[in-house]
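# Commentary on secondary and tertiary structure
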Amino acid sequence: MPWLTILWAVPMLGAVAVLLLPAAARHLAKYAALTVALAVLAVAVLLAVRFDPAGAQYQFVEDHPWIPSFGTGYVLGVDGIALALVVLTAVLVPLLIVAGWLDGGERARSVHTYLALTLAVEGMVLISLTALDVLLFYVFFEAMLIPMYFLIGGFGGGPAQARSKAAVKFLLYNLFGGLIMLAAVIGLYVATAGSTAFAAGTFDVRAIAAAVSSGAFVIDPAVMNLLFGGFLFAFAIKAPLWPLHRWLPDAAVESTPATAVLMMAVVDKVGTFGMLRYCLQLFPDASLTFRPLVITLAVIGIVYGAVVAIGQTDVMRLIAYTSISHFGFIILGIFAMTSQGQTGSTLYMVNHGISTAALFLIAGFLVSRRGTRAIDAFGGVQRVAPVLAGTFLVAGLATLSLPGLAPFVSEFLVLVGTFTRYPVLAVFAALALVLSAVYVLWAYQRMMTGPVTEGNESLRDLVPRELAVVAPLLVLLLVLGIYPKPALDVIDPAVGHTLVTIGERDPAPRIAEGGRQ
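Residues numbered from 1 in each chain as written. Predicted model: local features only at pLDDT ≥ 70, side-chain atom pairs only at ≥ 80, totals over all residues. Heavy atoms only, no water.

Per an unreviewed UniProt entry, the protein is named NADH-quinone oxidoreductase subunit M, and its organism is Mycolicibacterium grossiae. Reading the Sequence similarities (unreviewed entry) entry of the UniProt record for the protein gives the comment "Belongs to the complex I subunit 4 family." (UniProt positions renumbered as here; feature names shortened; annotations may be inferred.)

### Quick notes on the overall build of the protein
Helix and strand content of the protein: 21 helices and two strands. For the protein, the C-alpha radius of gyration of 22 Å lies close to 24 Å, the compact-globule estimate for 517 residues. Once the C-alpha set of the protein is aligned to its principal axes, its extents read approximately 75 × 70 × 40 Å. Buried positions account for 59% of the 517 residues belonging to the protein. Put simply, of all contacts in the protein between residues at least 6 apart along the chain, 81% involve residues at least 24 apart. For the protein, the exposed area adds up to about 18,800 Å²; of that, 68% sits on carbon and sulfur atoms. Here the protein carries 27 positive and 27 negative side-chain charges, and the mean point of each set is 7 Å from the other. (Helix = DSSP H or I, 4+ residues; strand = E, 2+ residues; numbered from the N terminus. Rg over C-alpha atoms; globule rule 2.2 N^0.38 Å. Buried < 20%, exposed > 50% of the residue type's maximum accessible area, 1.4 Å probe, protein only. Contact = heavy atoms within 4.5 Å. Areas by Shrake-Rupley, 256 points an atom, 1.4 Å probe, with all protein chains shown as cover. Lys, Arg positive; Asp, Glu negative; His and termini not counted. Charge placed at Lys NZ, Arg CZ, Asp CG, Glu CD.)

### Re the side chain of Thr-72
Looking at the secondary structure, you find Thr-72 in strand 2 (residues 72-78). Of the residues examined, Thr-72 reaches a relative accessible area of 5% and is grouped as buried. A distance of 2.6 Å separates a polar atom in the side chain of Thr-72 from a polar atom in the side chain of Asp-133. Among all residues touching Thr-72, those that are not within four sequence positions of it are Trp-66, Ile-67, Asp-133, Leu-135 and Phe-203. (Polar contact = N/O pair within 3.5 Å; in protein donor to acceptor, adjacent residues only side chain to side chain.)

### Details of a nonpolar patch on the surface
A contiguous nonpolar surface patch, about 270 Å² in accessible area, is contributed by Phe-176, Leu-179 and Ile-180. Residue position: Phe-176 is located in helix 7 (residues 160-193). Classification of Phe-176 as partly exposed rests on a relative accessible area of 45%. (Patch = residues over 30% accessible without salt bridge, like charges linked within 9 Å, V, L, I, M, F, W, Y side chains within 5 Å. Salt bridge = Lys/Arg side-chain N within 4 Å of Asp/Glu carboxyl O.)

### Comments concerning unusual backbone geometry
The linkage connecting Ala-239 with the following residue, Pro-240, adopts the cis geometry, with an omega of -10°. Position of Pro-240 among the secondary structure elements: in the loop between helix 9 (221-238) and helix 10 (247-254). One non-glycine residue with positive phi stands out, namely Phe-60, at about 60°. Phi angles above zero are rare outside glycine, and Ser-401 is one such case at about 65°. Relative to the assigned elements, Ser-401 resides in the loop between helix 17 (386-399) and helix 18 (406-419).

### What to know about the environment of Leu-46
Among the secondary structure elements, Leu-46 is positioned in helix 2 (residues 26-50). On the accessibility criterion, Leu-46 (29% relative accessible area) is partly exposed. Considering only alpha carbons, one finds Leu-46 and Leu-19, 27 residues apart in sequence, at a separation of 28 Å.

### Things to note about the pattern of salt bridges
Enumeration over the complete set of coordinates arrives at eight salt bridges. With its nearest N and O atoms 2.7 Å apart, the salt bridge here joins Asp-250 to Lys-169. Linking Asp-250 in helix 10 with Lys-169 in helix 7, this pair joins segments that are 81 residues apart in sequence. Its relative accessible area of 23% is what places Lys-169 among the partly exposed residues. Between Glu-466 and Arg-369 there is a salt bridge; the shortest N-O distance is 2.7 Å. One end of the pair, Glu-466, is in helix 20 (residues 464-482); the other, Arg-369, is in helix 15 (residues 339-370), with 97 residues separating them in the sequence. The residues Glu-466 and Arg-369 share a single accessibility class, namely buried. In the salt-bridge network here, residues are joined through shared partners; they are Asp-63, Asp-204 and Arg-206.

### Observations concerning the nonpolar core
Counting residues in hydrophobic clusters, the biggest one holds 196 residues, and the most contacted among them are Phe-231, Met-263 and Phe-335. With 16 residues, the single largest contributor to this core is helix 3 (residues 80-102). Sequence-distant contacts of Phe-335, that is, excluding residues within four places in its chain, are made with Phe-228, Leu-232, Met-275, Leu-280, Ser-287, Arg-291, Val-294 and Ile-295. (Core = buried A, V, L, I, M, F, W, Y, C linked by side-chain atoms within 4.5 Å.)

### What to know about the packing of helix 9 against helix 13 (residues 284-310)
Two elements in contact, helix 9 and helix 13, have axes separated by 9 Å at closest approach and are oriented at 55°. Taken together, helix 9 and helix 13 sit at an angle that is classed as oblique. For the element pair helix 9 and helix 13, the recorded crossing hand is right-handed. Here helix 9 contributes Met-224, Asn-225, Phe-228 and Leu-232 to the contact with helix 13, which in turn contributes Asp-285, Ala-286, Ser-287, Thr-289, Phe-290 and Val-294. Residues belonging to the contact of helix 9 with helix 13 are distributed by class as follows: six nonpolar, three polar and one charged. (Axes fitted to C-alpha atoms, helices over the stretch in contact; angles between N-to-C directions. Parallel < 35°, antiparallel > 145°, perpendicular 65-115°, else oblique. Left-handed = near helix turned anticlockwise from the far one by under 90°. Nonpolar A, V, L, I, M, F, W, Y, C, P; charged D, E, K, R; others polar.)

### Considerations on the packing of helix 18 against helix 20
Helix 20 packs onto helix 18 with a crossing angle of 45° between their chain directions and a minimal axis gap of 6 Å. It follows that helix 18 is oblique to helix 20 by the angle criterion. Within the contact between the two elements, helix 18 uses Ala-406, Pro-407 and Val-409 and helix 20 uses Leu-476, Leu-477, Leu-480 and Gly-481. Partitioned by chemical class, the residues of the contact of helix 18 with helix 20 number six nonpolar, one polar and no charged.

See the structure below:
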């Protein structure tokens, strides 16, 4: 069975089916979209169960001709890193569809369009994660911008002008990055066509990475640096990496909470995933050259995002800036190029997706009740809505990486993996642990504790349908925080393959005088 084709084709076809439903069938459209998303989740679970961590690097491979004259094919496959993100995407989208019923999706211009766009984004993300052909990846890496543009600009809860401005900023930033990447993709093809390592030009990631690793495919260092820069620039905007982050806060705030989570927890992960699969494996020497610069920018982003989050008066913008800090941790672990760092980064992508989804959706439920995003408008919420306040606290504690909750494991691995190569930068990155405690606990104190602020007396607590969205996320945060082994067992071998491909090993322990480590 072509399981990977089924994985991405189901949501794409489901999007078309939802659009074709009668305009009056609003409830049918909702349940149809949810059914499609649950079917995708079932396929993802099947792939996870059948995936063999000790087997080949890429599994469930599908390889068919696409445009032979261009050396490109329809090639799909998953390793442990891609599988982790596939499962994350498949888990989140059904919850976001249900949350979209509550956070503005049904008040927007068209329920059908809102749900169809969400499914289309899911399908494009899934094919991007499973593509083993550079051109195939690029096509859908860019194509997913279109449905996201309409979701941000057409279905947010704020003024139309603000939504439109945020959507245009999102699109322009990412299209510019994609344009630079397109030049790099073409340059990579020209380089392979002119190399004796290949019979003809190719976009096959497996063939290029193997030839680079063996030394059969050698590119002029200056050209390699330019190609690496083209890929990295696009991924750094998508991720985003400081200082290319300016589009994210506006896009997150002006979207519906469900759309913001889809963007930050799912779509943006394609950027960090691309760094692992393409930047490191295709251009290992250039990755080493630019490693100090990228790691420095990542640490700046970690501290910057945390500091700016502390000063926010808008709860949704606060959460958006925390994501900038978290993406800095993910990129830091990737370019530390250690097994602990890259394993932690991959797990961090998963854990960040879950914790951000929980915190943003709960905050969205609260904002929809009060009609404002201003932190000062809240106060004493735990007295009138204790379950809502309690779930907000758990999600916030996960965001600050409290031990026992999922993000702690991944953040710890990233810091350990970075410390072995860059101890000073690891120490600076660790400062964010203190800063995150400030912005999370201070926000909780202002919003949830103390006397009930005027206007909050009648705030209702979470209803069963909202709990159905939040509860699975909190359970996952607890389970992965206490027992992350199943995820790590899948991720570790894939990280090992990546390090072998780029020719990197973990630094040897430093032995001090006298034999003490």
